[in-house]
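Inside the fold
These are the residues of each chain, in order.
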Amino acid sequence: MPAIIRRMNDRETASVALIENLQREELTVVEEAQAYEQLIEMHELTQEALAQRLGKSQSTIANKMRLLKLPEPVQQAILNKEITERHARALIALKTEEQQLRLLKQIIEKELNVKQTEKQIERMLTEKKQPKKPKLKGVNKDMRIAMNTIRQSIDMVSDTGVDLETDEEDYEDFYQITIKIPKQK
């Protein structure tokens, strides 16, 4: 049997083993990202240099490695094939681990596709930017309960994925809430 024999030190052997591992088809994106990270550290490479050596684009390497910044439960969900790489990359847009984990739970429980996940992320990001709803001052307790119940109902409907538009106005004699619910196409 023809063979090539090479003498290698421990670092070179580890590097070859990692590269061979990267060639496996059943490798998850998290395992792939971890291998890239190890190669970069081991050989003190930049992402660009690693990409050139592996015949991949730098953005491919960067996108995979960004997944390692996600919380452990998200990475585990990728490893368990509960979510896809595209789901995980979408989760990166959320700034806090709490938001990422809350949405991860929704993705798994409601079996959200990537487009639905991206819409939910957009909703979560815009809800933080919206001004706080005005507090009801000088209004009797029953009115506050009614208004809070309406707001909770609106939030519950939004959480199901319906893209609601709401507007609250405080008039002298009454309080007005306008809700726009898009018709399904």
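Residues numbered from 1 in each chain as written. Predicted model: local features only at pLDDT ≥ 70, side-chain atom pairs only at ≥ 80, totals over all residues. Heavy atoms only, no water.

So the rule is basically this: UniProt positions are given in the numbering used here, feature names are shortened, and annotations may be inferred rather than shown by experiment.
The name given to the protein in an unreviewed UniProt entry is Nucleoid occlusion protein, and the organism recorded there is Gracilibacillus halophilus YIM-C55.5. The Sequence similarities (unreviewed entry) comment attached to the protein in UniProt states, word for word, "Belongs to the ParB family."

1. A closer look at the environment of Thr84
As a reminder, the rule being used: Only DSSP runs of H or I reaching four residues or more are called helices, and only runs of E reaching two or more are called strands; each is numbered from the N terminus. For the exposure calls, accessible area comes from a 1.4 Å probe over protein chains only, and a residue counts as buried if that area is under 20% of its type's maximum, exposed if over 50%, partly exposed in between.
Residue placement: Thr84 occurs in the loop between helix 5 (72-79) and helix 6 (85-91). Classification of Thr84 as partly exposed rests on a relative accessible area of 38%. Sequence separation of Thr84 and Val29 is 55 residues, and the distance between their C-alpha atoms is 9.0 Å.

2. Re the UniProt feature "coiled-coil region" (unreviewed entry) in the protein
The UniProt record marks residues 94-127 with the feature "coiled-coil region" (unreviewed entry), using the residue numbering of this structure. Each end of residues 94-127 is marked by a C-alpha atom, and these two atoms are 12 Å apart; helix forms 82% of the span and strand 0%.

3. Considerations on the packing of helix 2 (residues 29-43) against helix 3 (residues 47-54)
Note the cut-off: Angles run from 0 to 180 degrees between N-to-C directions of axes, and those axes are lines fitted to C-alpha atoms, restricted for helices to the stretch in contact. Each angle gets one of four labels, with under 35 degrees taken as roughly parallel, over 145 as roughly antiparallel, 65 to 115 as roughly perpendicular, and the rest as oblique. Contacts are assigned to residue pairs that have any heavy atoms within 4.5 Å of one another.
Running from N to C, helix 2 and helix 3 point in directions that differ by 110°, and their axes come no closer than 10 Å. Relative to helix 3, the element helix 2 lies roughly perpendicular. Contacts between helix 2 and helix 3 pair Tyr36, Leu39, Ile40 and His43 from the former with Gln47, Leu50, Arg53 and Leu54 from the latter.

4. A closer look at the pattern of salt bridges
Rule in force here: We define a salt bridge as a contact between a side-chain nitrogen of Lys or Arg and a carboxyl oxygen of Asp or Glu at a distance within 4 Å.
Applying the stated criterion across every chain yields a total of five salt bridges. Arg89 is the salt-bridge partner of Glu85, the closest N and O atoms lying 3.1 Å from each other. Of this pair, Glu85 and Arg89 both sit in helix 6, four residues apart, which is roughly one turn of that helix. The class of Glu85 is buried, set by a relative accessible area of 18%. A salt bridge links Arg151 to Glu168, with the shortest nitrogen-to-oxygen separation between them at 2.8 Å.

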